[in-house]
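So the chains spell out like this:
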Amino acid sequence: MQQKRHQNFIMCINSVPSSYSQIITTKSHMKNKEGIHHRHYSDDAGGGGGGKKSARFTLPDVDSPASAAEDYVEITLDLHEDSVAVHSVTAAGGGAVEDPELKILAKGLEKKSSFGSTAARSASTRIRQELKRLASLTRHPQPVKRLDRTKSAAAQALKGLKFISKADGGAAWSAVEKRFHELTSTAANGMLPRSLFGECIGMKGSKEFAGELFDALSRRRNISGDSITREQLKDFWDQIADQSFDSRLKTFFDMVDKDADGRITEDEVREIITLSASANRLSNIQKQADEYARLIMEELDPANLGYIMIENLETLLLQGPVQTGGGESRNLSKMLSEKLRPTEEHALRRLYSDAGYFVADNWRRVWVMALWIGAMAALFAYKYAQYRNKAAFEVMGHCVCAAKGAAETLKLNMALILLPMCRNTITWLRNRTRLGIVVPFDDNINFHKVIAVAIGIGVGIHGISHLSCDFPRLLHASSGEYKKMEQYFGNDQPKSYWHYVKGFEGVTGIVMVVLMGIAFTLASPMFRRNKVHLPRPLDKLAGFNAFWYSHHLFIVVYTLLILHGIHLYLTHKWYNKTTWMYLAIPISIYAAERLIRAFRSSIKPVKILKVAVYPGNVLSLHMSKPQGFKYKSGQYIFVNCAAVSPFEWHPFSITSAPREDYLSVHIRTLGDWTRQLKTVFSEVCQPPPTGKSGLLRADFLQGENNPNFPRVLIDGPYGAPTQDYKDYDVVLLVGLGIGATPMISVVKDIVNNIKAIDEEENAMEEGSGGGPEPAPTFSSPMHRRKTGSGSEKHDFKTRRAYFYWVTREQGSFDWFKGVMNEVAEMDHKGVIEMHNYCTSVYEEGDARSALIAMLQSINHAKNGVDIVSGTRVKSHFAKPNWRTVYKRIALNHPNSRVGVFYCGAPPPVAELRNLACDFSHKTSTKFEFHKENF
């Protein structure tokens, strides 16, 4: 019994620049209820505005080949800008249409030959709906972890496969031509050599890759030799800068196909992998080039022909990008982009709004700074007015008033500068009190630096006023004027300027100024970070050691300051000598802190459990946790190693989580102390056994031959900005290089919370209700935990975390490989979204990273491991687009408070802070930026 005949066709009606005919061929035949099984779409249209396209639906084999020709129908359509017309409906063989249903369809279409743009859109919509229905019947489930090979090139073409990052047509060629003349100005033949080709076209950092590109372009044009003329360079440039994907694909294929036989062998694949890895400074991929070459051949040459063609390479290059963080509306994204776009407004109005934004974002800093400046101004004015009414004013004038006013501010600042360094006190205040709401404890180091600047200004005013004004006036005062000063300076009027300078007050003042100058200079970033290159032996003045030791000159400075305040020229009564009154409490608090620190570190010894040295000069120390040692993720400790220096203590972020039974830090070799520490521990390490990470490794194993580790003392923990991450619904964690250390502790802490949640849920499912109190969950915006007193406090609010780790070196990912894999395995609820960025790799779409992206997609799909990071977290190339990152979070979390925590080098700070302010003011999502001092 014959079944009903089905006819299916597709019309693609979009914006067409000019009219052309489109032929749609449909195959129908007698079939059973199983319906259509396969669908293939091919594009045969030529360039320009016209051509033909065919849509073919492949059905189960017909009974006889003879009937195949009758199963096809050709419908020719004329498409115009605003209309669609049926040209003809014929059988595939060119005969008349025999099928009654097709005749009815043809007549119906011919009657509607030109309805205008509305009819065209209506027909297109109906046909697309039919296509979707048909596709749902014919779609086969894709194999797990297999790359999708069915997407069209038009939809999934790479955004460039660019050989040059910036190619602006004629403008770009002008720059290339200029460099050509500069590079060939000294050449006798006026030709550009192969060795300078990369520099000429803008590939200065990829000399080897540029050389291979030169060879490929030369082979294509049968150019022999290693030099080219300007005309040949122009020809090369036209092909390099061609916007056609097919052209760039052919260029890339020619680079790989070195023997120009149209086939790529495994050896050629291995060579291009090595070349690409070298250009992107991916040493691990270079070492595994053989393995990855086999992987590509297995993927693209399943028939084991021993070679792949350009079609195979195209299939791999045209894989669609992985969509992350989906679900955001395109319309909403567009609206947000328009809202964030700067608008033209009056300068005064813009200044007013910017000032309002600044105060709203920095009100805690504003009131603290205002209070401090107000206190200094009040003290200066008070002392100035006091000496304005004394007899000394008649002799020394306003100079003595300015000197005494500046001295009073110096007393205040010399007292205040110690308080930001009282870390135990600050940690206690931020953990046990609510002062953190109004006091910016995170800015303690910055406030310390600002006070130091104020001290420098005060010292300058005080010293210059005395040395250049007061002392000369006393020397040249008349006998009558000096008579008023005898009670302060004695009966005999000095005749020498040095009488005042070599006195006790002068000597102590000058010594203090010299010591402060040394300490301030060596504390500057240029010296502290060892960015100045001094000859021997002056090179010892640069580096952290010089900064640390010179800062301890403050002991001498404070001693001299108290003595200087006792021996005053113009004050004799003890209760008017107020220097010691200003300093008594701050010095006592600071001294107590140092004693507590020394005592605590000596009674809390730690045992080294594991040592590992990783690529990038990073030393990892795993230590036993002292009894009673409690800390929060994001905090830091001070580390002392007597084998390096018995006096020096250096701060490092804790990378272990609070619930873990050990304490760990990761130390990057950035200075002399850290370099010596790495050397000391490397001496007791050995190459790791198979399966263990690290370049060198040593583990403490009970009952076996254990290494003789150097003695290490710790002090802490101390508060840091990142420890407050639990106060936010959503957190954005950004780590730059070794600055990822506090973020790793936070990520571990969240993972441990996830484990606790799963364990609690399993316990509840098994019916055990008498166990410990449930761990905080991520589903509620507010989480509380009962304290021992029965009161409640906010404990954990975070329900979503985004972690962005940006690093230059591929080897850096080894530092925390285990953590990232654990997060990927344990985070079933998708609480943590992790992104690794390797900035040594060229941006996605660049030809130099195209093969790396191909390998990355294949290996991650097949093995679930990223080839760049070596973890289950897929890596990105180049630097993140931070505006896009903020935008995604704002779209996904409206009306939420987002804590942005950054740790690393200073360059990205301004951009991250400005974006946080911009999005907070123009969206419903509030971003609060916190920076770790690095």
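Now for a quick tour of the structure. Note that the coordinates shown come from a computational prediction; the quantities given were computed from them, not determined experimentally.

## A short note on the packing of helix α9 (residues 266–279) against helix α11 (residues 289–300)
Then, in step 1: Running from N to C, α9 and α11 point in directions that differ by 125°, and their axes come no closer than 9 Å. Comparing their axes, α11 and α9 come out oblique. In terms of crossing hand, the pair formed by α9 and α11 is right-handed. Contact with α9, carried on its side by Glu-266, Val-269, Arg-270, Ile-273 and Thr-274, involves Ala-289, Asp-290, Tyr-292, Ala-293, Arg-294, Ile-296 and Met-297 of α11 and no other residues of that element.
Then, in step 2: A breakdown of the residues in the contact of α9 with α11 according to their chemical character gives 7 nonpolar, 1 polar and 4 charged.

## What to know about the environment of Ile-562
Then, in step 1: Residue position: Ile-562 is located in helix α25 (residues 554–566).
Then, in step 2: Judged by its relative accessible area of 29%, Ile-562 is partly exposed.
Then, in step 3: In this structure the C-alpha to C-alpha distance between Ile-562 and Thr-578, which are 16 residues apart in sequence, comes to 9.5 Å.

## Description of the packing of α11 against helix α30 (residues 847–863)
Then, in step 1: Interhelical geometry of α11 versus α30 gives an angle of 75° and a closest axis separation of 10 Å. With respect to each other, α11 and α30 are oriented roughly perpendicular. When α11 is examined against α30, the residues Tyr-292, Leu-295, Ile-296, Glu-298 and Glu-299 are found in contact with a partner set consisting of Leu-851, Leu-855, Ile-858, Asn-859 and Lys-862.
Then, in step 2: Within the contact of α11 with α30, the residues separate by chemical class into 6 nonpolar, 1 polar and 3 charged.

## Focus: the nonpolar core
Then, in step 1: Membership of the largest hydrophobic core comes to 90 residues, with the highest contact counts inside it found for Phe-163, Phe-197, Leu-213, Leu-233, Ile-273, Phe-803 and Ile-832.
Then, in step 2: Setting aside residues no more than four positions away along its own chain, Phe-197 makes contact with Leu-192, Ala-210, Leu-213, Phe-214, Leu-217, Ile-228, Leu-233, Phe-236 and Ile-240.
Then, in step 3: The next biggest cluster of nonpolar side chains, apart from the first, holds 27 residues, and it includes Tyr-631, Cys-641, Ile-654 and Cys-685.

## A look at a nonpolar patch on the surface
Then, in step 1: A surface patch of nonpolar side chains, about 800 Å² in accessible area, is lined by Phe-358, Val-359, Trp-363, Val-366, Trp-367, Leu-371, Leu-435, Ile-437 and Val-438.
Then, in step 2: Along the chain, Val-359 falls in helix α14 (residues 347–388).
Then, in step 3: Classification of Val-359 by relative accessible area gives partly exposed; the value is 41%.

## Thoughts on the side chain of Thr-807
Then, in step 1: Tracing the backbone through its elements, the reader meets Thr-807 in strand β18 (residues 800–807).
Then, in step 2: At 3.0 Å, the side chain of Thr-807 and the side chain of Ser-812 are in polar contact.
Then, in step 3: Beyond its immediate sequence surroundings of up to four residues, Thr-807 is in contact with Gly-737, Ser-812, Phe-813, Tyr-837, Cys-838 and Thr-839.

Calculation criteria
Residues numbered from 1 in each chain as written. Predicted model: local features only at pLDDT ≥ 70, side-chain atom pairs only at ≥ 80, totals over all residues. Heavy atoms only, no water. Axes fitted to C-alpha atoms, helices over the stretch in contact; angles between N-to-C directions. Helix = DSSP H or I, 4+ residues; strand = E, 2+ residues; numbered from the N terminus. Parallel < 35°, antiparallel > 145°, perpendicular 65-115°, else oblique. Left-handed = near helix turned anticlockwise from the far one by under 90°. Contact = heavy atoms within 4.5 Å. Nonpolar A, V, L, I, M, F, W, Y, C, P; charged D, E, K, R; others polar. Buried < 20%, exposed > 50% of the residue type's maximum accessible area, 1.4 Å probe, protein only. Core = buried A, V, L, I, M, F, W, Y, C linked by side-chain atoms within 4.5 Å. Patch = residues over 30% accessible without salt bridge, like charges linked within 9 Å, V, L, I, M, F, W, Y side chains within 5 Å. Areas by Shrake-Rupley, 256 points an atom, 1.4 Å probe, with all protein chains shown as cover. Salt bridge = Lys/Arg side-chain N within 4 Å of Asp/Glu carboxyl O. Polar contact = N/O pair within 3.5 Å; in protein donor to acceptor, adjacent residues only side chain to side chain.

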